[in-house]
Amino acid sequence: EAQVTQNPRYLITVTGKKLTVTCSQNMNHEYMSWYRQDPGLGLRQIYYSMNVEVTDKGDVPEGYKVSRKEKRNFPLILESPSPNQTSLYFCASSPLGSGERQETQYFGPGTRLLVL
Amino acid sequence: SQQGEEDPQALSIQEGENATMNCSYKTSINNLQWYRQNSGRGLVHLILIRSNEREKHSGRLRVTLDTSKKSSSLLITASRAADTASYFCATDSGGYQKVTFGTGTKLQVIP
């Protein structure tokens, strides 16, 4: 089954304790992206990746890191989490159309993060 | 900053009625997509419309795009209780690689 998986689905942590949220897709998509969703703000893009070893900042990259060592995986790293990073996080992937244009994104189920 | 803004923020209709929601954006785009999200779950793609298209249909969905007004509308005809969800528009910008979502319209369809 074609899907995007995220782990963990729920996470409670404390300020400053490094954490990683994993994202994996089995559709051989070039493009992967991380979003955070907060009430009243919709989804905001954190980082995206056009392909292996190619990543770039979205609208809210501060406090986050990503890596793309393999095509299928795109982990999100919070080196020193803070309470304002409490949010619902989504990973997504999509193929790239002609001219590297955006196509349909497939979303993971989400990760609820609470930073105390 | 948010590229897309949906209007209205919330909409409540009776089953069988049509639901229309609008999206406005600020910069030129390559395509615009509509997604649906059931409470707190992952987003599901509904329809994609490219900048050179004006209207697109998919089942009970009709999307229009007016690039001169930088706006799009999503029409759901003959709504069902199962259509209750939040609906988001998303545009690509910044070289077609960045994706910006609007704040969403929360639709409630009353049986």
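Reading guide: rules and limits
- Residues numbered from 1 in each chain as written.
- Chains lettered and ligands numbered in written order.
- Predicted model: local features only at pLDDT ≥ 70, side-chain atom pairs only at ≥ 80, totals over all residues.
- Heavy atoms only, no water.
- Pairing = 2+ DSSP bridges.
- Helix = DSSP H or I, 4+ residues; strand = E, 2+ residues; numbered from the N terminus.
- Axes fitted to C-alpha atoms, helices over the stretch in contact; angles between N-to-C directions.
- Buried < 20%, exposed > 50% of the residue type's maximum accessible area, 1.4 Å probe, protein only.
- Contact = heavy atoms within 4.5 Å.
- Buried area = accessible area lost by both parts, 1.4 Å probe.
- Salt bridge = Lys/Arg side-chain N within 4 Å of Asp/Glu carboxyl O.
- Polar contact = N/O pair within 3.5 Å; in protein donor to acceptor, adjacent residues only side chain to side chain.
- Nonpolar A, V, L, I, M, F, W, Y, C, P; charged D, E, K, R; others polar.
- Core = buried A, V, L, I, M, F, W, Y, C linked by side-chain atoms within 4.5 Å.
- Disulfide = S-S within 2.5 Å.

(A) Local environment of the sheet that holds strand S1 (residues 5–7) of chain B. Residues and elements named next belong to chain B. With respect to topology, five strands assemble into an open sheet ordered S1-S3-S8-S7-S6, the strand pairing being antiparallel. With one partner strand each, in any of the chains shown, S1 and strand S6 (55–58) form the two edges of the open sheet. Across the sheet, the axes of successive neighbouring strands diverge by a mean angle of 15°, strand direction being ignored. Relative to strand S8 (residues 71–76), strand S7 (residues 61–66) runs antiparallel, the two being bridged by six bridges. Across the sheet, residue aspartate 66 finds its bridge partner in S8, namely serine 71.

(B) Representation of unusual backbone geometry. Of note, the bond from Asn7(A) into Pro8(A) is cis; its omega dihedral lies within 30 degrees of zero at -5°. Tracing the sequence through the fold places Pro8(A) in the loop between strand S1 (4–7) and strand S2 (10–13). For the bond running from Asp7(B) to Pro8(B), omega is 0°, close enough to zero to count as cis. For Pro8(B), the position within the fold is in the loop between S1 and strand S2 (10–14). Phi is positive for Asn28(A), close to 60°, though the residue is something other than glycine. When you line up the elements, Asn28(A) lands in the loop between strand S3 (19–25) and strand S4 (31–38). On the basis of relative accessible area, Asn28(A) is assigned to the exposed category, the value being 53%.

(C) Here's a closer look at the interface of chain A and chain B. Across the boundary between the two partners, chain A contributes 26 residues, which contact 24 residues of chain B. At the boundary of chain A with chain B, total buried surface from both sides reaches about 2,000 Å², with 48% on carbon and sulfur atoms. Residues Asp59(A) and Lys98(B) are paired through a salt bridge, measuring 3.4 Å at the closest nitrogen-oxygen approach. Seen at the junction of chain A and chain B, the total is five residue pairs in polar contact (both at pLDDT 80 or more). Looking at the side of chain A that touches chain B, the element that brings in the most residues is strand S5 (residues 42–51) of chain A, giving six residues. Grouping the amino acids of the side of chain A that touches chain B by side-chain chemistry returns 10 nonpolar, nine polar and seven charged.

(D) Up close: the nonpolar core. Core analysis: the largest hydrophobic core is formed by 20 residues, its most contacted members being Met21(B), Leu32(B), Trp34(B), Leu74(B), Ile76(B), Tyr87(B) and Leu107(B). Those elements that place two or more of their residues in this core are strand S3 (19–24), strand S4 (31–37), strand S5 (43–50), S7, S8, strand S9 (85–93) and strand S11 (105–110) of chain B. Residues in contact with Leu107(B), not counting those within four places in the same chain, are Leu11(B), Ile13(B), Ala19(B), Met21(B), Ile76(B), Asp83(B), Thr84(B), Ala85(B) and Tyr87(B). Counting residues in each nonpolar core, the second largest holds 19 residues, with Val60(A), Tyr64(A), Leu78(A) and Val115(A) among its members.

(E) Local environment of the sheet that holds S1(A). All names here are of chain A. Spatial ordering of the open sheet is given by S1-S3-S8-S7, a layout of four strands whose pairing is antiparallel. Looking at strand neighbours, the two that pair on one side only are S1 and strand S7 (65–66), the edges of this open sheet. Where S1 and S3 come together, four bridges link them in antiparallel fashion. Bridge pairing in S3 links asparagine 7 to threonine 22.

(F) Molecular detail of the side chain of Gln85(A). All names here are of chain A. By secondary structure assignment, the location of glutamine 85 is in the loop between strand S8 (76–78) and strand S9 (87–94). Glutamine 85 gets classed as buried once you look at its relative accessible area, which sits at 4%. If we skip the residues at most four places from it in the chain, glutamine 85 touches Arg36, Glu62, Gly63, Tyr64, Leu78, Ser80, Leu113 and Val115.

(G) Broad picture of the state of the cysteines. Scanning the entire structure with this criterion turns up two disulfides over all chains. For Cys23(A), the disulfide goes to Cys91(A), at an S-S distance of 1.8 Å. The chirality of the disulfide connecting Cys23(A) with Cys91(A) is left-handed, given an S-S dihedral of about -70°. On the criterion of sequence distance, the pair formed by Cys23(A) in strand S3 and Cys91(A) in strand S9 is long-range, its members being 68 residues apart. Considered together, Cys23(A) and Cys91(A) belong to a single accessibility category, that of buried residues. Shown here is the disulfide that connects Cys23(B) with Cys89(B), its sulfur atoms set 2.0 Å apart. Disulfide Cys23(B)-Cys89(B): the torsion about the S-S bond is 65°, which places it as right-handed.

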